[in-house]
Every structure is written in C-alpha cells, then in structure tokens.
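# Overview (structure and organization)
Chain residues, written in single-letter form:
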Amino acid sequence: MENTSAQSRRVWDDVGNEDLVRAGNRLEAIASGANVPSETHEALTSIDGVLHVDGFELWYGEAQALYDITMQIPRGEVTALVGPSGCGKSTLLRSVNRLNDLIDGVRIGGDMRLNGDTIYHSHVDVIELRKRMGMVFQKSNPFPMSIYENVVYPLRIDGERDRSILDEVCERSLRGAALWDEVKDRIKDSALSLSGGQQQRLCIARAIAAEPEVLLMDEPCSALDPIATGKIEDLIQELKGDYTILIVTHNMQQASRASDNTAFMYLGRLVEYGRTEDIFTNPHLSETESYITGRFG
Ligand SMILES: Nc1ncnc2c1ncn2[C@@H]1O[C@H](COP(=O)(O)OP(=O)(O)OP(=O)(O)O)[C@@H](O)[C@H]1O
C-alpha cells in the first residue's frame, strides 16, 4: 500500500463553491468535488485524544473514499461516526486497525496516531498494532470453539499458557461484557450455542480480553433485535471510561443515546464533529441538522 499525501485537490473557493457553503449547501459543494473544510467544535480541538487522525485520505484504486479527515478521539469516551450509506464510516473505522491494507489497490495519505504512535509508517508492525485495538463487527463472528476459548483467544495467540491467568481474564472479560451470569455454568459449551445477542457480547468480551487502547465497533447492533440492542447499548455505557470506543452506526437514536461525541460524514468528508449533545440539539451547520432529523440520507 502506498502513501500518497501530496494529492492534487480542488480547493472549495477555487471552484466557486464558497457561495454554496455560505448558503448552507455545503453538501452540494462536496458533491461537486469541492474541498469543503470540516466544522470541528472547539470542545474537540485540543484534547487528550487516544487516537489522532491527521489529514487522512484513502483511495480504493482510482476512487477516493476518504478526504482529508482530521479528528481527535477523546480518551474513555464513546465517539460515533454517522452519515448516509457509502460516506466512508466503515472505511475510516477499518483504517484505524489497518484492515484496509488487506484490500488490493488501497492507497492512503496522511496518518493516524494511537497514543502518540504512528499507525501508518513502513516500520509499524501491523500485527502488534492490531493487538492494541479491539474490533467488533456488524455480524458477530465467534470462532467455532468453546465460550472460554473464544474469550482467551487473544492471549493464547500471544503465547499465554498460565491457566490461572486465562481463567481470570475469561471471567473478567465476560463480566465486562455483561455475559458472565448468563454463561458461567457453561463456558465449555460451544460459542455457537449462544443467541445472536449473546454471541455479539461474547465478541465484545474477546475484544476487551487483551485490554485494547481503543475498541472499534462497526454497527454492532444492526443484526440484533431491540432487546439485544438495548443490552449492547447498556454495555457500551459500562465499558466507556475504561475503554475508548469508536462506533459506526446508522441509527441516529443510538448515536444520541450511546455516544459522547458525534462525527457527521458525507461523501468521504468529515462535515461536522462535536459533543453529541451539541450535534443533536445545537449543530453549527444546517446540513447536519437536516441529516440528524432525517430530512435527508
Ligand atoms: N473494498 C472496497 N473496494 C472498493 N470500494 C469500496 C470498498 N469498500 C468500500 N468501498 C467504497 O468506499 C465508499 C465508502 O464505503 P464505506 O463502506 O466505508 O461507507 P459506509 O459509510 O460505511 O457505508 P454503509 O453505511 O453503507 O456501511 C463507498 O463508495 C464504497 O463503495
């Protein structure tokens, strides 16, 4: 994968889109190819971020999917990525743990830093980097092995053999994922015997077993019923503080209930980023208000 930070860009005022932006039509300006700057609220500009995204860009072959994304993800909080389908939420999330490296023809520009350490540099050991992050996908993906082995898997692949450590991590992680009481008498049973919602909480237990610096969640509730969704949302509230969570969601109610910060994206650009309360009650941009109130997208 190639890092091409020096890309020729059209600047928004170059192409006469300044008027559109002033008139509250910045989404139209973005759609016409203008490089419209993001509106990041002051509360999120100089913070103790776990993750810093610096002018990050990504191309799938010739198609650019992310443009000049700069944002800081605050420590111990939940940050939601929202925006219409195809705006680049999952691409941005998967870029954090470099999952996009696995796709042929992907190029990036800019960088990201995890607790100060560059993520995109040729010297970075990607396997070690990924151990510092937990990932939870849209569809739960337990391994065809016992509940216990699923949870301790990250430690096993790291060579941990001490049974008492594995037992302790298993219980702590299952408790952390609010699953312990439901499975403590059957942790040797197959993980595939659990319900969909339990399987997703098991995947969260596995993701936190290695105490990641950031937990990445890609629409973790989209395959779940409302009750299981509620449990995951409660769990997210319990996990924050100890963990920094970056979550992609399509669900505006979920973003408003479960997150502390919200980033609204459109066609690969960060449009507005602020505290969730401000984004939902007092956004700076009329375009953000239109999206979160369901008037488009
Ligand atoms: N593997 C890929 N190869 C080529 N293009 C891709 C690939 N994955 C995503 N894209 C494109 O990148 C853009 C952003 O997609 P992405 O999945 O990140 O958006 P999203 O906001 O997460 O969408 P959704 O809400 O529908 O999941 C889209 O135009 C999509 O078609």
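Residues numbered from 1 in each chain as written. Predicted model: local features only at pLDDT ≥ 70, side-chain atom pairs only at ≥ 80, totals over all residues. Heavy atoms only, no water.

Let us now look at the overall build of the protein chain. Along the protein chain, the regular secondary structure elements total 12 helices and 12 strands. The C-alpha radius of gyration of the protein chain comes to 20 Å, within 12% of the 19 Å expected for a compact globule of 297 residues. In terms of its C-alpha atoms, the protein chain occupies a principal-axis envelope of roughly 65 × 40 × 30 Å. Put simply, the protein chain has 297 residues, and 51% of those count as buried. Once local pairs closer than 6 in sequence are excluded, the contacts in the protein chain between residues at least 24 apart make up 69%. A total accessible area of about 13300 Å² is found for the protein chain, and carbon and sulfur atoms account for 47% of it. (Helix = DSSP H or I, 4+ residues; strand = E, 2+ residues; numbered from the N terminus. Rg over C-alpha atoms; globule rule 2.2 N^0.38 Å. Buried < 20%, exposed > 50% of the residue type's maximum accessible area, 1.4 Å probe, protein only. Contact = heavy atoms within 4.5 Å. Areas by Shrake-Rupley, 256 points an atom, 1.4 Å probe, with all protein chains shown as cover.)

By rolling a water-sized probe across the atoms, one finds the places where empty space is left. Taken as a whole, the largest pocket encloses approximately 690 Å³ of empty space. R130, K131, M133, P154 and I157 are, among the 21 residues lining the largest pocket, the residues nearest its centre. Of all the secondary structure elements, the ones that give two or more residues to the lining of the largest pocket are α4 (126–131), β8 (133–136), α5 (147–157) and α8 (196–209). With 4 residues, the single largest contributor to the lining of the largest pocket is α5. (1 Å grid on protein atoms, 1.4 Å probe; cavity = no way out; pocket = protein on both sides within 12 Å on 5 of 7 lines; lining within 4 Å. Points joined across faces, edges and corners; volume = space filled by probe spheres on them.)

So, about the UniProt feature "domain: ABC transporter" (unreviewed entry) in the protein chain. Residues annotated in UniProt with the feature "domain: ABC transporter" (unreviewed entry) correspond here to residues 51–292. Segment residues 51–292 splits into 38% helix and 26% strand. End C-alpha atoms: 25 Å apart. (UniProt positions renumbered as here; feature names shortened; annotations may be inferred.)

Before going further, it helps to examine the sheet that holds strand β12 (residues 269–275). Spatially, the 7 strands line up as an open sheet ordered β2-β12-β11-β5-β10-β9-β8, and their pairing is mixed. Both outer strands of the open sheet, β2 (39–40) and β8, are each paired with one neighbouring strand and no more. The pairing of β2 with β12 spans 2 bridges and is classified as parallel. Pairing of T40 across the sheet is with Y273, part of β12. Along the sheet, α8 makes contact with β8 and β9 (214–218), crossing β8 at roughly 170°. (Pairing = 2+ DSSP bridges. Axes fitted to C-alpha atoms, helices over the stretch in contact; angles between N-to-C directions.)

The next thing to look at is the packing of aromatic side chains. This model, assessed by the stated rule, comprises 3 aromatic pairs. When the ring of F56 is compared with that of Y120, the centres are 5.2 Å apart and the planes differ by 45°; the resulting orientation is tilted. Linking F56 in strand β3 (residues 49–60) with Y120 in the loop between β7 (117–118) and α4, this pair joins segments that are 64 residues apart in sequence. Judged by relative accessible area, which is 8%, Y120 ranks as buried. Look at F264 and Y291: their rings are 4.9 Å apart centre to centre, the planes differ by 15°, and that puts the pair in the stacked class. Placement of the pair is F264 in strand β11 (residues 261–266) and Y291 in helix α12 (residues 286–292), with a sequence separation of 27 residues. Classification of F264 as buried rests on a relative accessible area of 0%. The lysine or arginine in question, R107, covers the ring of W59, its NZ or CZ lying 4.8 Å from the ring centre. (Phe/Tyr/Trp six-rings, centres within 6.5 Å; stacked < 30°, edge-to-face > 60°. Lys NZ or Arg CZ within 6 Å of the ring centre and 35° of its normal.)

For the rest of this paragraph, the subject is the site of the ligand. Close to the ligand lie 14 residues; S85, G86, K89, T91 and H250 are nearest. One of the side-chain nitrogen or oxygen atoms of S85 is found 2.5 Å away from an oxygen atom of the ligand. Contact distances for the ligand include 2.8 Å between an oxygen atom and a side-chain N or O atom of K89. Look at the ligand: alone it shows 640 Å² of surface, and the protein chains cover 60% of it. Considering each element in turn, the shell around the ligand owes the most residues, 4 residues, to helix α3 (residues 89–96). Here the shell around the ligand is composed, by residue class, of 5 nonpolar, 6 polar and 3 charged. (Near = heavy atom within 4 Å. Polar contact = N/O pair within 3.5 Å; in protein donor to acceptor, adjacent residues only side chain to side chain. Nonpolar A, V, L, I, M, F, W, Y, C, P; charged D, E, K, R; others polar.)

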